[in-house]
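What follows is each chain in one-letter form.
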Amino acid sequence: MRHCARCQAVLDEAGWTCKACGFAPPLVAGFPAFAPELAASNEGFNAVYFDELYTLEARNYWFRARNALLIWTMRKFFPDARTYLEIGCGTGFVLAGIAAAMPQLAIHASEMSSSGLPYAARRVPQAELFQMDARAIPYADHFDVIGLFDVIEHIEDDARVLTQAHRALRGGGGLVITVPQHRFLWSQFDERAQHVRRYSARELRDKVAAAGFRIVMMTSFVSLLLPLMIMSRFKQRAPRADYDALADLRVGRIANFLLEAALAFERALIKLGIRFPAGGSLLLLAQRRRKRRLGNGEC
């Protein structure tokens, strides 16, 4: 079901205009905006990075390896999914990978900053894209899978986002999350990326469970590269006015190949059932519990 972003009334199948209160989301940059007051905001993410990220992602080892891991995850755990929402889709790099790997999916995606959506539209023209505050999702009992890929670490009220995602999923629907791991890795990178936190495995697990989900699987990844990350991040501890948050993504061709190969080997181990306890990032899969039927009703 879709809900009015203003009064929460259930909407008709066609269009976003609410018959109850008359609200219709305005178009910002050509996309429906459910939180237009935030559409030009840089809160949580600096939108100036979108342009360079759009070019870097397709050839950078980290983005490519994360995409491969997420595509495997989606195919293995949610092969029958038909409706998918990615919250905080950025330039649409993950979205494009999932759309190509699972063409049966009806693809939906959102960004808080409207400036990111044209990039995603270029990559996934068939997707239904909209501007949205992840703390107020205008859907209930609607999606088979929701993805939050390196998103909730940017949001102070991450518990609210998880509760909203639970509400937007159908019973039995799946949640896939990636977040940066380990507080000791905090550096200028996190500050420039406008992170609020880096997660411990326990913190992420507890917050997802508190939102009503059943944890299906969790593992660290970028684990084989953790020693390199530790050295890199400790060098970034001292504040520098000229610090470039995207510098680590501009990797030479040979180094990029070797780093991607290491993460491919790590991914093969994850596919075999090995779960890493430490790494640069965490991957968590969870499921909204199905409603139990009592007589002719549900609870």
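Structure report, in brief. Just so you know, these numbers come straight off a predicted model, no measurement behind them. (Residues numbered from 1 in each chain as written. Predicted model: local features only at pLDDT ≥ 70, side-chain atom pairs only at ≥ 80, totals over all residues. Heavy atoms only, no water.)

1. Remarks on the overall build of the protein
No. 1: A tally of helices and strands in the protein yields nine helices and 11 strands.
No. 2: Scaling as 2.2 N^0.38, a compact globule of 299 residues should have a C-alpha radius of gyration of about 19 Å, and the protein matches this with 19 Å.
No. 3: The dimensions of the protein, computed from C-alpha atoms along their principal axes, are 55 × 45 × 30 Å.
No. 4: Looking at the protein residue by residue over its 299 residues, the buried ones come to 54%.
No. 5: Long-range contacts, defined here as pairs at least 24 residues apart, represent 73% of the contacts in the protein between residues at least 6 apart.
No. 6: Entry remark: accessible area of the protein is about 13,800 Å², with carbon and sulfur atoms responsible for 56%. (Helix = DSSP H or I, 4+ residues; strand = E, 2+ residues; numbered from the N terminus. Rg over C-alpha atoms; globule rule 2.2 N^0.38 Å. Buried < 20%, exposed > 50% of the residue type's maximum accessible area, 1.4 Å probe, protein only. Contact = heavy atoms within 4.5 Å. Areas by Shrake-Rupley, 256 points an atom, 1.4 Å probe, with all protein chains shown as cover.)

2. Comments concerning a nonpolar patch on the surface
No. 1: On the surface, Ile 254, Phe 257 and Leu 258 cluster together into a nonpolar patch covering about 380 Å² of accessible area.
No. 2: Here Phe 257 is to be found in helix H9 (residues 253-271). (Patch = residues over 30% accessible without salt bridge, like charges linked within 9 Å, V, L, I, M, F, W, Y side chains within 5 Å. Salt bridge = Lys/Arg side-chain N within 4 Å of Asp/Glu carboxyl O.)

3. Describing the environment of Ala 120
No. 1: Relative to the elements of secondary structure, Ala 120 occurs in helix H4 (residues 117-123).
No. 2: For Ala 120, a relative accessible area of 0% corresponds to the buried category.
No. 3: Between the C-alpha atoms of Ala 120 and Gly 90, which are 30 residues apart in sequence, the distance is 6.9 Å.
No. 4: The residues touching Ala 120, leaving out its near neighbours within four places in the chain, are Cys 89, Gly 90, Thr 91, Gly 92 and Leu 129.

4. Points about the packing of aromatic side chains
No. 1: Taken as a whole, this structure holds nine aromatic pairs when the rule is applied.
No. 2: When the centroid spacing of 5.4 Å and the interplanar angle of 45° are considered together, the rings of Tyr 54 and Tyr 119 count as tilted. Within this pair, whereas Tyr 54 is found in helix H1 (residues 50-56), its partner Tyr 119 is found in helix H4, the two being separated by 65 residues in sequence.
No. 3: Assessed through its relative accessible area of 22%, Tyr 54 is described here as partly exposed.
No. 4: The class of Tyr 119 is buried, set by a relative accessible area of 13%.
No. 5: When the ring of Trp 62 is compared with that of Phe 63, the centres are 5.0 Å apart and the planes differ by 90°; the resulting orientation is edge-to-face. Neither residue differs from the other here; Trp 62 and Phe 63 are each classed as buried.
No. 6: A cation over an aromatic ring shows up here: Arg 2 above the ring of Trp 16, its NZ or CZ 4.3 Å from the ring centre. (Phe/Tyr/Trp six-rings, centres within 6.5 Å; stacked < 30°, edge-to-face > 60°. Lys NZ or Arg CZ within 6 Å of the ring centre and 35° of its normal.)

5. Considering the pattern of salt bridges
Side-chain pairs of opposite charge can arise where the charged atoms are in close proximity.
No. 1: Per the counting criterion, the structure on display carries 13 salt bridges.
No. 2: Between Arg 64 and Glu 260 there is a salt bridge, with the nearest N and O atoms lying 3.0 Å from each other. In this pair, Arg 64 is assigned in helix H2 (residues 61-77) and Glu 260 in helix H9, connecting sequence segments 196 residues apart.
No. 3: For Asp 190, the salt bridge identified is with Arg 198, shortest N-O distance 2.8 Å. This pair shows no difference in class: Asp 190 is buried, exactly as Arg 198 is.
No. 4: Each of Asp 158, Arg 183, Arg 197, Glu 203 and Lys 207 takes part in salt bridges that share partners, so that together they form one network.

6. Some details on the sheet that holds strand S9 (residues 281-288)
No. 1: Ordered in space as S5-S4-S3-S6-S7-S9-S8, the seven strands form an open sheet in which the pairing is mixed. Two strands bound the open sheet, and with one partner strand each, they are strand S5 (128-131) and strand S8 (213-221). Neighbour-to-neighbour, the strand axes of the sheet open up by a mean angle of 15°, direction not taken into account.
No. 2: Bridge count between S8 and S9: eight bridges; the pairing is antiparallel. Counted as the bridge partner of Met 217 is Leu 285 from S9.
No. 3: Lying over the sheet, H2 contacts strand S3 (83-87), strand S6 (143-149), strand S7 (169-180), S8 and S9, oriented at roughly 25° with respect to S9. (Pairing = 2+ DSSP bridges. Axes fitted to C-alpha atoms, helices over the stretch in contact; angles between N-to-C directions.)

7. A word on helix H8 (residues 226-235)
No. 1: Along H8, the residues that are buried comprise Leu 226, Met 229 and Arg 233. Relative to the axis of H8, the buried residues are bounded by an arc of 50° and lie together on one face.
No. 2: On its buried face, H8 is in contact with helix H6 (188-192). (Arc of directions from axis to C-beta.)

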